[in-house]
Amino acid sequence: MRRLAKKLFSPQRAALVCKKAAKSGKRVVFTNGCFDILHPGHVAYLEAARAKGDFLVVALDTDAAVRKLKGPERPINALASRMQVIAALESVDAVTWFGGGNPIPTIKKLKPSILVKGGDWKVDQILGSKEVLSWGGKVFSLKFIAGKSTTGIIKKIREVCS
């Protein structure tokens, strides 16, 4: 747990960590999402995101934002638990959160050189793309892995349990 705690940051602290990483010549990669029930699609996506740079920071939606986005029964796992699970992944260097369903203020604080989202997002639809491109960064829409989703997992559990 101690090792994981070293990867967990408030948005303000994450900004300092990202600035330090960038100053040392690392390409900071940023991605965000709910990451409610971790599955192989998430793992592959985060590994691909990390491969785009040298330091991967993942920002998670707050519980209230997940409820607004996914419905009243979500998230299944609270923010603190989701952060711990994501921090346990070797590909992830830092984990933080953002509120209001909008990662742009956090992206502006962290100033990553690379922004990535899953392939279900077109580059021009990715929140924060305009900002990252404005300071010379790059934006990528990574390959989407069909059939791997938290919603699908929840549906299957409900079918099996009903």
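Residues numbered from 1 in each chain as written. Predicted model: local features only at pLDDT ≥ 70, side-chain atom pairs only at ≥ 80, totals over all residues. Heavy atoms only, no water.

## Brief notes about the sheet that holds strand E3 (residues 94-98)
One open sheet accounts for 5 strands, arranged E3-E2-E1-E4-E5; its pairing is parallel. The outermost strands of the open sheet, each flanked by one partner alone, are E3 and strand E5 (138-142). Within the sheet, the average angular offset between the axes of one strand and its neighbour, ignoring direction, is 25 degrees. With 2 bridges joining them, strand E1 (residues 28-33) and strand E4 (residues 114-118) adopt parallel strand pairing. Bridged to phenylalanine 30 within E4 is leucine 115. Sheet strands in contact with helix H2 (residues 11-23) are E1, strand E2 (55-61) and E3, and its direction is about 165 degrees off that of E2. (Pairing = 2+ DSSP bridges. Helix = DSSP H or I, 4+ residues; strand = E, 2+ residues; numbered from the N terminus. Axes fitted to C-alpha atoms, helices over the stretch in contact; angles between N-to-C directions. Contact = heavy atoms within 4.5 Å.)

## Considering the pattern of salt bridges
Taken as a whole and assessed by the stated rule, the structure comprises 4 salt bridges. The residue aspartate 36 makes a salt bridge to arginine 74 at a minimum N-O spacing of 2.7 Å. In this pair, aspartate 36 sits in the loop between E1 and helix H3 (40-51) while arginine 74 sits in the loop between helix H4 (63-70) and helix H5 (79-87), placing the two residues 38 residues apart along the sequence. Overall, the relative accessible area of 9% leaves arginine 74 in the buried class. (Salt bridge = Lys/Arg side-chain N within 4 Å of Asp/Glu carboxyl O. Buried < 20%, exposed > 50% of the residue type's maximum accessible area, 1.4 Å probe, protein only.)

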